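# Residue-level structure breakdown
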Amino acid sequence: MKIIFLIAILSLNQTKIHAQDGWTIKWNKKTILVANKEDEVANTRQIKHSDWKKKGNLEIIYKEAAPDTILWHSFLLFDEEDHQLLSREKTLYAKIPLLLLRKLFTGKKQIKIYSIVSPRNPNIAVKMRRVHLCTLQLP
């Protein structure tokens, strides 16, 4: 009974946190997106061919409205065919070299960035859902 109650509280907590959290996406130190809600259209950015070829980094910064000691955040990067090509686990900040992205996403048209949460305690069950943060249209 206690486990069911705990799961219910975690589910409510997760929904509340996601509604108030926000994120920033940076490309070579330039902020290209600041958002706090999922929107596949509004959270899509076009990457210029010249920017795609430069050295630098993609940065993903996730800001929790209230610090969470129960859940881990992770970032997942998918292509347009929904194949996961990269992940950064248990973090609110990821800095990914563009050289690595070019290698992984060669011939691809999009990078879709998602966040997921997982419980810090492996004995707790939480329904995991991908939260769309941003889509990058590649040249």
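Our subject in this report is the structure included herewith.

Looking now at the packing of aromatic side chains. As enumerated under the stated definition, the model contains three aromatic pairs in all. Consider the rings of Trp 23 and Tyr 62, whose centres lie 6.0 Å apart with planes at 10 degrees: the pair is stacked. Of the two residues, Trp 23 is situated in strand β1 (residues 22-27) and Tyr 62 in strand β4 (residues 57-63); the sequence distance between them amounts to 39 residues. Assessed through its relative accessible area of 2%, Trp 23 is described here as buried. Aromatic side chains Phe 78 and Tyr 114 sit 5.4 Å apart centroid to centroid with 90 degrees between the ring planes, which places their arrangement in the edge-to-face category. Of this pair, Phe 78 sits in strand β5 (residues 71-78) while Tyr 114 sits in strand β8 (residues 110-119), and the two are 36 residues apart along the sequence.

On to the sheet that holds strand β3 (residues 44-46). The strand order β3-β9-β8-β5-β6 describes an open sheet built from five strands, whose pairing is mixed. Of all the strands in the sheet, just β3 and β6 (84-88) have a single pairing partner and so form its edges. Going across the sheet, the axis of each strand differs from the next one's by a mean of 20 degrees, ignoring polarity. Across six bridges, the pairing between β8 and strand β9 (residues 131-137) is antiparallel. In the sheet register, Ser 115 faces β9, and the bridge partner there is Val 131.

On to the environment of Ser 50, then. Tracing the sequence through the fold places Ser 50 in helix α2 (residues 49-53). We classify Ser 50 as partly exposed; its relative accessible area is 43%. Residues Ser 50 and Pro 139, spaced 89 residues apart in sequence, show a C-alpha to C-alpha distance of 9.0 Å.

The next thing to look at is unusual backbone geometry. One can expect most non-glycine residues to show negative phi and most peptide bonds to be in trans. Of note, Asn 28 is a non-glycine position whose phi angle comes to about 55 degrees, a positive value. According to the relative accessible area criterion, Asn 28 is partly exposed, its value standing at 25%.

About the criteria used
Residues numbered from 1 in each chain as written. Predicted model: local features only at pLDDT ≥ 70, side-chain atom pairs only at ≥ 80, totals over all residues. Heavy atoms only, no water. Phe/Tyr/Trp six-rings, centres within 6.5 Å; stacked < 30°, edge-to-face > 60°. Helix = DSSP H or I, 4+ residues; strand = E, 2+ residues; numbered from the N terminus. Buried < 20%, exposed > 50% of the residue type's maximum accessible area, 1.4 Å probe, protein only. Pairing = 2+ DSSP bridges. Axes fitted to C-alpha atoms, helices over the stretch in contact; angles between N-to-C directions.

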